[in-house]
Each structure stands twice: as structure tokens, then as C-alpha cells.
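Inside the fold
Letter by letter, the chains look like this.
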Amino acid sequence: SLENSFKKKNSFSFRNLGDKNPKQIHLEKLTFEQKLDHNDPADDRTFTQRYFIISDYAGDKETSPVLLYICGESECMTNRGILSHAEELKAHVVYIEHRYYGKSLPTKSLTTENLKYLSTDFALEDLKTIQEYLQIEKHFNGKWIAVGGSYAGSLAAYYRLKYPNLVVGALS
């Protein structure tokens, strides 16, 4: 997991196939107080959602593209492919941990009542909320591309369909 990769330090070595020397990559480990229920404006409950940022390959901080890597049904994991794309595109990488997975747990128990907050719609709203936050707070105003595999790949496509104003493409 990304968390285990960085327990003692905030960087790791990464080597593309064919590279002779590994590159040190810096990872920001961050959290966001996410709304539990995006559909109920009166419900002010939140949970802590984890996300990670790698900006080592980004050209201009504000206009570089952003690869939004959607972590699926587990903790966020390092992904050599996404870093290769980031290097090629001179992009930031933002990994967002899915609610109910890894350490992004909205509730203390997995009762039927609590699992009503585990849905594709809520996951998409989580992505939107964090993206809008990063556009304001970090000035990540370049083009965003959603990326994921398997279920997270479906989320990337759904996110592009639901919010074409926020993401220019999806890679699944």
C-alpha cells in the first residue's frame, strides 16, 4: 500500500523499465473531511478520507495536467504505470482512497444501515468534492484525467460521464 511504502519517510525510489538510475519520488499523505451523506444538506456528519499527491513530474504547478487515480476496493497501492504516464505528461498524480476501504472508514461498523453510504453515487461525489478542493487550495487547474482499473475503472468512466466539465478523459 502507499501507506506502507512511506511509513518512515515521504519518498520512495521509482525506476521505469530501461532506466539505469532510480528516481526519488515525494509523496504527500493527506486527509480530507468528507461529507458522509452528500444527498442530505442538513446532515453535517463527516469522515476522514485519505488521499495522496505526487507532483514530482508536474511542470507548472497550476497548469500541469492531473491524473486522478481512483483507488478501488482496497488501500491505495503504488502503480508504476500511472507514474510513467505522469512523467510523460508532466502531470500531478492524485490518489483518492475509496470510502469504506483502506483507512477511509466512514462508520465504525458495517451494519446494513451504515452500508447505505457505500454507493457509486457517493463515491463520485467524494471525487468531485476533493477535486474541487484541490483546484482551490492547491491551484491544480490543469486538465484532469480520471484513471482506475476494474471497479475503479468503471468509476473513472462514470465520473467522466457525470462531470465532463471537471475531467477531460477517463482511462480504464
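Parameters and conventions
- Residues numbered from 1 in each chain as written.
- Predicted model: local features only at pLDDT ≥ 70, side-chain atom pairs only at ≥ 80, totals over all residues.
- Heavy atoms only, no water.
- Helix = DSSP H or I, 4+ residues; strand = E, 2+ residues; numbered from the N terminus.
- Buried < 20%, exposed > 50% of the residue type's maximum accessible area, 1.4 Å probe, protein only.
- Polar contact = N/O pair within 3.5 Å; in protein donor to acceptor, adjacent residues only side chain to side chain.
- Contact = heavy atoms within 4.5 Å.
- Disulfide = S-S within 2.5 Å.
- Pairing = 2+ DSSP bridges.
- Axes fitted to C-alpha atoms, helices over the stretch in contact; angles between N-to-C directions.
- Salt bridge = Lys/Arg side-chain N within 4 Å of Asp/Glu carboxyl O.

On the secondary structure map, Asp 126 appears in helix H3 (residues 120-137). With relative accessibility at 1%, the residue Asp 126 sits in the buried group. At 2.7 Å, the side chain of Asp 126 forms a polar contact with the side chain of Arg 99. Residues in contact with Asp 126, not counting those within four places in the same chain, are Gln 34, Lys 35, His 38, Phe 47, Gln 49 and Arg 99.

This next bit is on the state of the cysteines. Evaluated as defined, the whole model comprises one disulfide. With its sulfur 2.1 Å from that of its partner, Cys 71 forms a disulfide with Cys 76. Around the S-S axis, the bridge from Cys 71 to Cys 76 shows a dihedral of about 110° and counts as right-handed. Cys 76 carries the same exposure label as Cys 71, and that label is buried.

What follows is about unusual backbone geometry. Phi at Lys 90 is positive, roughly 55°, even though this residue is not glycine. Its location among the elements puts Lys 90 in the loop between helix H2 (80-89) and strand E6 (92-96).

A word on the sheet that holds strand E3 (residues 28-35). Spatially, the six strands line up as an open sheet ordered E3-E4-E6-E5-E7-E8, and their pairing is mixed. Unpaired on one side and paired on the other, E3 and strand E8 (169-171) mark the two borders of the sheet. In this sheet, neighbouring strand axes are inclined to one another by 25° on average, regardless of whether the strands run parallel or antiparallel. Taken together, the eight bridges between E3 and strand E4 (residues 46-54) define a ladder with antiparallel strand orientation. Paired with Leu 30 across the two strands is Tyr 51, which belongs to E4. Along the sheet, helix H4 (residues 151-162) contacts strand E5 (66-70), strand E7 (144-147) and E8; its crossing angle with E8, the most-contacted strand, is approximately 170°.

Attention now goes to the pattern of salt bridges. Opposite charge on two side chains allows them to pair when their charged atoms are near. Applying the stated rule across the entire model yields eight salt bridges. Residue Arg 50 is joined to Glu 97 by a salt bridge in which the shortest nitrogen-to-oxygen separation is 2.7 Å. A residue pair is termed long-range when its members are at least 10 positions apart, and Arg 50 in strand E4 and Glu 97 in the loop between E6 and H3 qualify at 47 residues. A single burial state applies to Arg 50 and to Glu 97, both of which are buried. It is possible to trace a salt-bridge network through shared partners that takes in Arg 50, Glu 75 and Glu 97.

None of the figures reported here should be taken as evidence of function without further support.
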